[in-house]
Amino acid sequence: MESDLVNKRALITGITGQDGSYLAEFLLEKGYEVHGIKRRASLFNTQRIDHIYQDPHEFNPRLTLHYGDLADTSNLTRILREVEPDEVYNLGAQSHVAVSFEVPEYTADVDAIGTLRLLEAIRFLGLEKKTRFYQASTSELYGLVQETPQRETTPFYPRSPYAAAKLYAYWITVNYREAYGLYACNGILFNHESPRRGETFVTRKITRGLANIAHGLESCLYMGNIDALRDWGHAKDYVRMQWMMLQQEQPEDYVIATGLQHSVRDFIRWTADELGVTLRFEGSGAEECGVVEAVVSDRSPAVKPGDVIVRIDPRYFRPAEVETLLGDPSKAREKLGWTPQITAREMCAEMVAEDLGTARRHAFLRENGFKTPLSMDI
Ligand code: NDP
Ligand code: GDR
């Protein structure tokens with residue numbers, strides 16, 4: 001079917017990340033020509049987009065990757081001049097909150113000044129009337145929450161170098177909209193996950209860790225603050241909204257969330273349920289642990305009643321924590337007709353199925369004398 005979108009060109013920073021990969025798929029399906037910025041790494045870092053990769057030697061490829069970095073102004077300017085995109089999705093970031101305490105200056109450079117570099121390049125090249133800009137803002141801006149649920153008008157109170165950097169990015173995006181008439185929007189997205197989620201974010205750490213334990217590849221999952229409460233959605237639902245935000249008459253900022261909240265402990269329980277393991281939490285504080293009460297399926301052949309498979313390790317606590325987040329997506333629903341299609345529980349099941357498949361393969365390889373790539377302190 002011919003679509004009026006086929007001639008549009010999009011540039012995605014962070015295309016190799018979770019959201020970038022889903023967004024690239026989504027835009028390619030819509031007929032966009034998609035350009036993405038990837039970082040140079042000593043190993044391949046394109047696993048999430050390998051299935052949509054197009055050989056540049058082919059005629060008229062619809063997906064093109066450019067080496068680049070949000071820390072490099074001249075590189076960003078050159079790519080923008082070359083691509084002249086209709087839409088820029090700025091998803092690239094040092095996106096790990098706990099890691100931002102370890103690398104605060106780098107996080108500020110990439111997440112805050114990186115956003116300014118892109119906006120300035122658009123202006124410098126005279127693209128402000130052509131190019132629409134999406135900024136990946138975050139519920140972490142609310143930090144120490146001032147109102148529940150959080151909506152577009154809730155005051156911000158960042159609690160990490162990551163959130164402070166994203167606060168600058170949020171406001172500089174608003175500023176370029178107001179000062180230069182740029183079509184620029186902030187999507188204030190609450191946590192969203194998927195089987196492509198990075199392995200060190202809490203949901204994926206849980207599904208991957210417990211799936212490995214189910215097959216005897218690891219023995220215990222070490223966690224931080226399992227009382228933390230989050231509003232979790234599926235990345236596929238959220239990238240759809242990123243695109244919708246750039247298709248409106250007027251640029252506006254939107255909260256994207258499910259409006260439902262669960263604890264990290266709930267997510268551990270759901271994962272255990274998916275693996276056919278009944279888990280009992282015992283003790284409190286740093287002594288709390290998850291003990292196997294019963295195993296009711298053959299999905300977890302290496303687990304038996306009485307095994308302690310979850311423990312608390314204080315190293316995963318953060319210097320300042322965001323205890324609770326719950327979004328109010330009414331504006332997105334009412335103005336754009338957006339509602340999430342996938343529940344957090346369904347998403348958990350999808351993630352477990354994927355990680356269980358990988359664990360099974362690794363266990364099979366190990367039983368047959370091969371090494372498996374499992375080690376990592378996450
Ligand atoms: P990921 O961590 O999965 O992906 C981040 C992407 O940014 C990767 O492609 C990464 O490259 C790239 N990147 C990192 N540093 C640089 C740099 N210096 N220059 C260029 N690119 C860089 O994040 P998500 O996909 O989960 O999130 C996308 C965006 O949305 C991020 O900005 C994040 O902060 C924000 N966000 C995410 C939410 C979530 O719950 N997922 C919620 C709200 C906001 P590489 O693959 O090489 O590491
Ligand atoms: P978050 O996501 O910090 O909300 O940022 P993450 O999954 O890392 O943590 C969620 C909550 O779980 C608690 N937690 C643990 N977290 C991790 N990573 N590892 C653990 O072992 C652990 N134990 C408990 C955390 O303390 C926290 O409260 C994500 C990122 O994608 C950001 O880029 C994005 O902006 C926000 O979501 C919205």
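Only a predicted model underlies this, so the values are computations on that prediction, with no experimental measurement involved.

**Student:** What's the story with the overall build of the protein in this structure? I'm lost.
**Tutor:** Along the protein, the regular secondary structure elements total ten helices and 15 strands. In terms of C-alpha radius of gyration, the protein reaches 21 Å, essentially the compact-globule figure of 21 Å for 378 residues. The principal-axis extent of the C-alpha atoms belonging to the protein is close to 65 × 50 × 40 Å. For the protein, buried positions account for 45% of its 378 residues. Across the protein, every contact between residues at least 6 apart in sequence was considered, and the portion connecting residues at least 24 apart equals 74%.

**Student:** Even after reading the chapter, I still don't get the environment of Thr 173, so can you show me in this structure?
**Tutor:** You can see Thr 173 is positioned in helix α5 (residues 161–180). Residue class for Thr 173 comes out buried when judged on the 26 C-beta atoms lying within 10 Å of it. Through-space distance from the C-alpha of Thr 173 to that of Asp 253 is 10.0 Å; in sequence the pair is 80 residues apart. Aside from chain neighbours lying at most four places away, what touches Thr 173 is Thr 115, Phe 133, Gln 135, Ala 184 and Asn 186.

**Student:** Just to check I follow, could you spell out unusual backbone geometry for this structure?
**Tutor:** Most peptide bonds take the trans configuration, and most residues that are not glycine carry a negative phi. The omega torsion of the bond from Thr 148 to Pro 149 falls at -5 degrees, within 30 degrees of zero and hence cis. The backbone of Glu 84 shows a phi angle near 40 degrees, a positive value even though the residue is not glycine. Counting through the fold element by element, Glu 84 comes out in the loop between α2 (73–83) and β4 (87–90).

**Student:** In this structure, what is going on with the site of ligand 2? I would like to understand it.
**Tutor:** In the region of ligand 2, 23 residues are neighbours, and Val 97, Thr 138, Val 202, Gly 224 and Ala 228 sit closest. At the level of elements, α3 (97–102) and α6 (202–214) are the ones that each hand at least two residues to the shell around ligand 2. Residues of the shell around ligand 2, tallied by class, amount to eleven nonpolar, seven polar and five charged. Domain assignment of the residues forming the shell around ligand 2 places at least three in each of domain 1 (9–189) and domain 2 (202–229 + 263–321 + 343–367).

**Student:** What is the right way to look at the UniProt feature "domain: NAD(P)-binding" (unreviewed entry) in the protein in this model?
**Tutor:** As annotated by UniProt and renumbered to match this structure, "domain: NAD(P)-binding" (unreviewed entry) occupies residues 11–351. Along residues 11–351 the backbone is 35% helical and 18% strand, and the end-to-end C-alpha distance reaches 28 Å.

**Student:** Would you mind going over helix α4 (residues 104–124) with me for this structure?
**Tutor:** Here α4 contains 21 residues, and its C-alpha end-to-end distance of 28 Å stays within 8% of the 30 Å for a straight helix at 1.5 Å per residue. When the local axis directions of α4 are compared, the greatest deviation, roughly 40 degrees, occurs at Ile 113. Taken together, the buried positions of α4 are Thr 107, Ala 108, Val 110, Asp 111, Ala 112, Gly 114, Thr 115, Arg 117, Leu 118, Leu 119, Ala 121 and Ile 122. Where the residues of α4 are buried, they touch α2, β4, α3, β5 (132–138) and α5. Residue Gly 126 follows α4 closely and has a positive phi angle near 70 degrees.

**Student:** Just to check I follow, could you spell out the sheet that holds strand β11 (residues 254–256) for this structure?
**Tutor:** Two modes of strand pairing occur in sheets, parallel and antiparallel, and in both the strands are linked by backbone hydrogen bonds. Read across the open sheet, the seven strands follow the order β3-β2-β1-β4-β5-β6-β11; overall the sheet is parallel. The sheet is open, and its two borders are formed by β3 (63–67) and β11, each paired with just one other strand. Adjacent strand axes in the sheet meet at a mean angle of 20 degrees when their direction is disregarded. Where strand β1 (residues 9–13) meets strand β2 (residues 33–38), five bridges bridge the pair, whose relative direction is parallel. Considered in β2, the bridge of Leu 11 is made with His 35. The sheet strands contacting α5 are β5 and β6 (184–189), and the helix crosses β5 at an angle near 150 degrees. Lying over the sheet, helix α7 (residues 235–245) contacts β4, β5, β6 and β11, oriented at roughly 160 degrees with respect to β6.

**Student:** What's the story with the site of ligand 1 in this structure? I'm lost.
**Tutor:** Gly 14, Gly 17, Gly 92, Ala 93 and Ala 136 are the nearest of the 26 residues found near ligand 1. Among the elements of the structure, α1 (18–29) and β5 are those that each provide at least two residues to the shell around ligand 1. Of the residues forming the shell around ligand 1, the biggest block, three residues, is contributed by α1.

**Student:** Looking at this structure, I do not really get the nonpolar core. What am I missing?
**Tutor:** Side chains of a nonpolar character, in soluble globular proteins, are inclined to be buried together. Ranked by size, the top nonpolar core spans 67 residues in total, and within it Ile 12, Ala 24, Ile 122, Phe 133 and Ile 256 carry the most contacts. Here this core takes nine residues from α5, the largest share from any one element. When residues no more than four places from it in sequence are discounted, the contact partners of Ile 256 are Gly 187, Ile 188, Leu 189, Phe 190, Tyr 238, Met 241, Pro 329 and Ala 332. Listed in part, the 28 residues of the second largest apolar core include Val 277, Leu 279, Val 292 and Ile 312.

**Student:** Is there a simple way to explain helix α8 (residues 264–274) in this structure?
**Tutor:** Counting along an α-helix, one turn takes 3.6 residues, and residues three or four places apart therefore face a common direction. Where α8 is concerned, the buried positions are Phe 267, Ile 268, Arg 269, Trp 270, Thr 271, Ala 272 and Glu 274. Of the residues one or two after α8, Gly 276 is the one with positive phi, at around 70 degrees.

**Student:** Hey, could you run me through the domain arrangement of the protein in this one?
**Tutor:** One frequently used descriptor of interface size is the decrease in accessible area upon assembly of the parts. For the protein, the assigned domains are domain 1 (9–189) and domain 2 (202–229 + 263–321 + 343–367). Computed over C-alpha atoms, the centres of domain 1 and domain 2 are 32 Å apart.

**Student:** Got a minute to help me understand the packing of α2 against α4 in this structure?
**Tutor:** To describe two helices that pack against each other, one gives the angle between their axes and the distance between the axes. The interhelical angle for the contact between α2 and α4, taken along N-to-C directions, is 45 degrees, at an axis separation of 9 Å. When the axes of α2 and α4 are compared, the pair comes out oblique. You can see that α2 and α4 cross each other, and the crossing is right-handed. Mapping the contact onto sequence places Thr 73, Leu 76, Thr 77 and Leu 80 in α2 and Arg 117, Leu 118, Ala 121, Ile 122 and Phe 124 in α4.

**Student:** Would you mind going over the packing of α1 against α7 with me for this structure?
**Tutor:** Packing of α1 against α7 brings their axes to within 9 Å, and their N-to-C directions diverge by 60 degrees. Seen along the crossing, α1 lies across α7 with a hand that is right-handed. Side by side, α1 and α7 meet where Gln 18, Asp 19, Tyr 22, Leu 23, Phe 26 and Leu 27 of the first sit next to Ala 235, Lys 236, Val 239, Arg 240, Gln 242 and Trp 243 of the second.

Rules used throughout
Residues numbered from 1 in each chain as written. Chains lettered and ligands numbered in written order. Predicted model: local features only at pLDDT ≥ 70, side-chain atom pairs only at ≥ 80, totals over all residues. Helix = DSSP H or I, 4+ residues; strand = E, 2+ residues; numbered from the N terminus. Rg over C-alpha atoms; globule rule 2.2 N^0.38 Å. Buried ≥ 20, exposed ≤ 12 C-beta atoms within 10 Å, placed from the backbone. Contact = placed C-beta atoms within 7 Å. Near = placed C-beta within 6 Å. Nonpolar A, V, L, I, M, F, W, Y, C, P; charged D, E, K, R; others polar. Domains from an automatic or database assignment. UniProt positions renumbered as here; feature names shortened; annotations may be inferred. Expected span 1.5 Å × (residues − 1). Bend = angle between axes of the 7 residues up to and from the residue. Pairing = 2+ DSSP bridges. Axes fitted to C-alpha atoms, helices over the stretch in contact; angles between N-to-C directions. Core = buried A, V, L, I, M, F, W, Y, C linked by C-beta atoms within 7 Å. Parallel < 35°, antiparallel > 145°, perpendicular 65-115°, else oblique. Left-handed = near helix turned anticlockwise from the far one by under 90°.

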